[in-house]
Amino acid sequence: MSPLLSVRNLRVSFPTRSGMFEAVRGVSFDLGRERLGVVGESGSGKSMTGRAILGLVRPPGRVEAERMELGGESILNLPEARMRRLRGSRISMVMQDPKFSLNPVMTVGRQIMEGYRLHTGKSRAAARDKALEMLAAVQIRDPERVFHAYPHEVSGGMGQRIMIAMMLAPDPEILIADEPTSALDVSVRNEVLRIMDRLVGARGMGLIFISHDLNLVAQFCDRVLIMYAGRVVEELPARDLHAAKHPYTQGLLNSLPRLDRPVERLAVLQRQEGWRDALPAETP
Amino acid sequence: MAQPDILGPPGQGVPPPAGGMPSARRARLGRRLRSLAGIALSLALTLLGLLLVTFVIGRIMPIDPVLKVVGERATQAQYDAAYQAMGLDKPIWQQFLRYMAEVLRGDFGRSISTGHPVAQDLLRVFPATVELATLGTLIGVCVGVPLGVVAAARRGGWIDQVARVVALVGYSMPIFWLGLMGLLLFYGILGWVGGPGRQGIIYDGMVPTVTGLILIDSLVAGDWAAFRDAFSHIVLPASLLGYFSLAYISRMTRSFMLEQLSAEYVVTARVKGLSEGRVIWGHAFRNILVPLITVIALSFGSLLEGSVLTEIVFSWPGIGQYITKALLAGDMNAVLGGTVVVGTCFVALNLLSDILYRLLDPRAK
């Protein structure tokens, strides 16, 4: 089966005073109907990869790639009008903090209906039903009330579930989740993840899960890309994460505290200059 | 299709608590009403403070109000009679109560420079200023807001650069000079607009006064010639004032918009696939309405104060000119009456923007 999304040698660069800054330097991967984790430290280019796929890198930023295909069609540097039709309807994104990613002066219901109506052309009444249905699907107990609520009237966990409902309403094939739980309380993280996982799984969607949390990704994803300085340094199945070969991945893992292997001092990640330019480790 | 496994199919989930949605709305409405009562109270106190200030100014000015009434050559008996008639022999708090009662009745005393009651004068000059300020603000808003929004959306583009130059010129040119040049060019050389004053001399007093706004009064009377004449007189000074408020409004709009356009919810709107127009006007712009309204109200308020220079250059019989002349003549009744009117307008504008703020921002308590 052909992958939902295929990316080869993706580069994102921004002009600066001292020449071009390359935020993403040759990222390649295929996404099927799976949960793909993208891990890396801040500035490793993981978020920028997501934005590039959505065509959200604004000039003067530049996106180049050998190939970037959605369902076999190239989406590389599509004209904005065509990209807009894909955005939301075929690829969508959930961002970090619902406090900032929901429009504060618009009711939740209107925000959910807006994208759905845009892509399906359905009536207001149908969109309203769909919005209530989606709110129920993300396990919001009182969809009617939340539908009429403003974002500041809901909690963080509920806000993130609203985001998920909003982004999944037009039935996209791919969801990019950019640190979707980093801003949430630990207590509601798992709940939000479970809901997202179930909805994405039931619809047979592809999920790109961007995170800096290794443990979370190891538990939650099928496959993991480790990014460093704009490149993929290692790619491996999530369950084999502990057997990672690349020194960067090993360093990341060693810097995490473990209950079953208590240590006096946690290891500090020692970066090596060579990682920046080494070609991605080959994985079968 | 994913179904929630806990709640069952949508629509059959846990029923909302009785009156769930309406009660949320009712609570919101109740909060708003309570906050409106709070605003009304602070409004009353502000107006009281305004009267207190004008009263005190009237009493401490080194101008003898009695002398102004009876004249230099009055006898001591005449002076004393007037002194008592004006209540100046009473304790100061009684004088204040009397002053308040007079103001509330709309009685500001008689202007010694025009010889008319101040209230009557104000009814004549204030509408002239209101007409000019309103038109000026309308121009400032209708041009300044879109200009600011587009400049922010196309930051660094040519529209942004043009808007920057336009605003800079608007800020830095002396208005009387621009006014004179405008008169010279459009009235003196091109003859496109009417000259100084509100009306041509043949239309003066021809339109029955209803609102005092000649543009509206002439429409009410159905007198198109008078309307055209009044319009040709107001268009130049109003454009000039409009240009100045445009400079301010467009800069503020631009900076408000830049702040919003970098917000995360704007990315969300783009992710949804909305067009750039809907992202800007439907999402970001709605978030700047509150500060924008404050800016517009302030700019309108400062125009209502009467732009003295513009009124003098264009011989516009407005409140700015009136108060300035009264001040130079030591005509305290006129000055204080004008101050109360302008101050009240400012307070009213603040109240209006406060109410709009509460209506537009769901987060306002």
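Residues numbered from 1 in each chain as written. Chains lettered and ligands numbered in written order. Predicted model: local features only at pLDDT ≥ 70, side-chain atom pairs only at ≥ 80, totals over all residues. Heavy atoms only, no water.

Caption draft 1: Up close: the overall build of chain B. When helices and strands are tallied, chain B shows 14 helices and zero strands. Its helices and strands taken in sequence order, chain B reads α-α-α-α-α-α-α-α-α-α-α-α-α-α from the N to the C terminus. For 365 residues, the compact-globule estimate of 2.2 N^0.38 gives 21 Å, and chain B exceeds it by more than 25% at 27 Å. Dimensions of chain B, computed from C-alpha atoms along their principal axes, come out at roughly 100 × 60 × 40 Å. Accessible surface for chain B amounts to roughly 19000 Å². Of this, 68% is attributable to carbon and sulfur atoms. Between the mean site of the 29 positive side-chain charges and the mean site of the 22 negative ones, chain B shows a separation of 11 Å. (Helix = DSSP H or I, 4+ residues; strand = E, 2+ residues; numbered from the N terminus. Rg over C-alpha atoms; globule rule 2.2 N^0.38 Å. Areas by Shrake-Rupley, 256 points an atom, 1.4 Å probe, with all protein chains shown as cover. Lys, Arg positive; Asp, Glu negative; His and termini not counted. Charge placed at Lys NZ, Arg CZ, Asp CG, Glu CD.)

Caption draft 2: Broad picture of the sheet that holds strand 8 (residues 174–178) of chain A. Residue and element names in this part refer to chain A. Pairing is mixed across the open sheet formed by six strands, whose spatial order is 7-8-9-3-10-11. Because the sheet does not close on itself, it has two edges, and the strands there are strand 7 (91–94) and strand 11 (231–237). With direction set aside, neighbouring strand axes in the sheet form an average angle of 20 degrees. In terms of strand pairing, strand 8 meets strand 9 (residues 206–211) through five bridges, oriented parallel. Counted as the bridge partner of Asp178 is Ile210 from strand 9. (Pairing = 2+ DSSP bridges. Axes fitted to C-alpha atoms, helices over the stretch in contact; angles between N-to-C directions.)

Caption draft 3: Expanded view of the domain arrangement of chain B. Residues and elements named next belong to chain B. As assigned here, chain B comprises domain 1 (31–105) and domain 2 (118–360). Centre-to-centre, using C-alpha coordinates, domain 1 lies 32 Å away from domain 2. The partner domain 2 presents 14 residues to the 17 residues of domain 1 that form the contact. Overall, the association of domain 1 and domain 2 removes approximately 1300 Å² of surface from exposure, summing both partners, and the carbon and sulfur fraction of that is 82%. Along the contact surface separating domain 1 from domain 2 lie zero salt bridges. Inspection of the domain 1/domain 2 interface yields zero residue pairs in polar contact (both at pLDDT 80 or more). Here the residues of the side of domain 1 that touches domain 2 sort into 11 nonpolar, four polar and two charged. (Domains from an automatic or database assignment. Contact = heavy atoms within 4.5 Å. Buried area = accessible area lost by both parts, 1.4 Å probe. Salt bridge = Lys/Arg side-chain N within 4 Å of Asp/Glu carboxyl O. Polar contact = N/O pair within 3.5 Å; in protein donor to acceptor, adjacent residues only side chain to side chain. Nonpolar A, V, L, I, M, F, W, Y, C, P; charged D, E, K, R; others polar.)

Caption draft 4: Looking closely at the packing of aromatic side chains. A full pass over the atoms with the stated rule returns nine aromatic pairs over all chains. Taking the centre distance of 5.8 Å and the plane angle of 75 degrees together, the rings of Trp224 of chain B and Phe227 of chain B count as edge-to-face. Of the two residues, Trp224 of chain B and Phe227 of chain B both sit in helix 9 (residues 224–261), three residues apart, roughly one turn of that helix. Taking the relative accessible area as the measure of exposure, Phe227 of chain B reaches 19% and is therefore buried. Taken together through their ring pairs, the aromatic side chains of Phe55, Phe96 and Tyr99 of chain B make up a single cluster. Its end group placed over the ring of Phe220 of chain A, Arg35 of chain A keeps NZ or CZ at 5.8 Å from the ring centre. (Phe/Tyr/Trp six-rings, centres within 6.5 Å; stacked < 30°, edge-to-face > 60°. Buried < 20%, exposed > 50% of the residue type's maximum accessible area, 1.4 Å probe, protein only. Lys NZ or Arg CZ within 6 Å of the ring centre and 35° of its normal.)

Caption draft 5: Fine view of the nonpolar core. Counting residues in hydrophobic clusters, the biggest one holds 95 residues, and the most contacted among them are Leu5, Leu10, Phe29, Met196 and Phe209 of chain A. Examining the composition of this core, we find that eight residues originate from one element, helix 7 (residues 156–168) of chain A, more than from any other. If near-sequence neighbours (up to four positions away) are discounted, Phe209 of chain A is found in contact with Leu36, Gly37, Val38, Ala177, Pro180, Leu193, Met196, Leu216, Val217, Phe220 and Cys221 of chain A. One finds Val103, Ile175, Leu236 and Tyr322 of chain B within the second-largest nonpolar core, a separate group that totals 44 residues. (Core = buried A, V, L, I, M, F, W, Y, C linked by side-chain atoms within 4.5 Å.)

Caption draft 6: Structural view of the interface of chain A and chain B. Counting from both sides, the interface comprises 44 residues of chain A and, opposite them, 34 residues of chain B. Of the roughly 3600 Å² buried at the junction of chain A and chain B (both faces included), carbon and sulfur atoms supply 60%. Together, Val105, Glu114 and His148 of chain A form the three largest contributors to the area buried by chain A at its contact with chain B, with a combined 16%. Summed over the shared surface of chain A and chain B, the result is three salt bridges. The tally of links between chain A and chain B comes to 10 residue pairs in polar contact (both at pLDDT 80 or more). Among the secondary structure elements, those contributing two or more residues to the side of chain A that touches chain B are strand 7, helix 3 (98–101), helix 4 (108–120), helix 5 (124–137), helix 6 (143–148), helix 7 and helix 8 (186–202) of chain A. In terms of residues, the side of chain A that touches chain B owes the most to one element, helix 4 of chain A, which gives six residues. By residue class, the composition of the side of chain A that touches chain B is 21 nonpolar, 10 polar and 13 charged.

Caption draft 7: Quick look at a nonpolar patch on the surface. All names here are of chain B. Taken together, the side chains of Met173, Phe176, Trp177, Leu180, Met181, Leu184, Leu185, Ile189, Leu190, Trp192 and Leu309 present a nonpolar region at the surface, about 1100 Å² in accessible area. Per-element tally for the nonpolar patch: the top contributor is helix 7 (residues 175–189), with seven residues. Examined against the element boundaries, Phe176 turns out to sit in helix 7. When its relative accessible area of 40% is taken as the criterion, Phe176 is described as partly exposed. (Patch = residues over 30% accessible without salt bridge, like charges linked within 9 Å, V, L, I, M, F, W, Y side chains within 5 Å.)

Caption draft 8: Expanded view of the packing of helix 13 (residues 319–328) of chain B against helix 14 (residues 332–360) of chain B. All names here are of chain B. Axis separation between helix 13 and helix 14 bottoms out at 8 Å; the angle between their running directions is 145 degrees. Crossing of helix 13 against helix 14: the hand is left-handed. Judged by residue contacts, Ile319, Tyr322, Ile323, Ala326 and Leu327 of helix 13 engage Ala334, Val335, Gly338, Thr339, Val341 and Val342 from helix 14. Looking at side-chain class alone, the contact of helix 13 with helix 14 contains nine nonpolar, two polar and no charged residues. (Left-handed = near helix turned anticlockwise from the far one by under 90°.)

Caption draft 9: Local environment of the environment of Arg231 of chain A. Residues and elements named next belong to chain A. Turning to its location among the elements, Arg231 is positioned in strand 11. When its relative accessible area of 14% is taken as the criterion, Arg231 is described as buried. The sequence separation of Arg231 and Val12 amounts to 219 residues, and the corresponding C-alpha distance is 11 Å. Within polar-contact distance, the side chain of Arg231 engages the backbone oxygen of Arg25 at 3.4 Å.

Caption draft 10: Structural context of the pairing of strand 9 of chain A. Residue and element names in this part refer to chain A. Counting buried residues in strand 9 gives six out of six residues, a clear majority hidden from the surface. Residue alternation in strand 9 divides its side chains into two sets, Gly206, Ile208 and Ile210 and Leu207, Phe209 and Ser211, and both sets are buried. Looking at chain direction, strand 3 (residues 35–39) and strand 9 are connected through five bridges and run parallel. Note on strand 9: the bridge partner recorded for Leu36 is Ile208. For the segment spanning strand 8, helix 8 and strand 9, crossover handedness is right-handed. (Right-handed = clockwise from strand over helix to strand, strands pointing away.)

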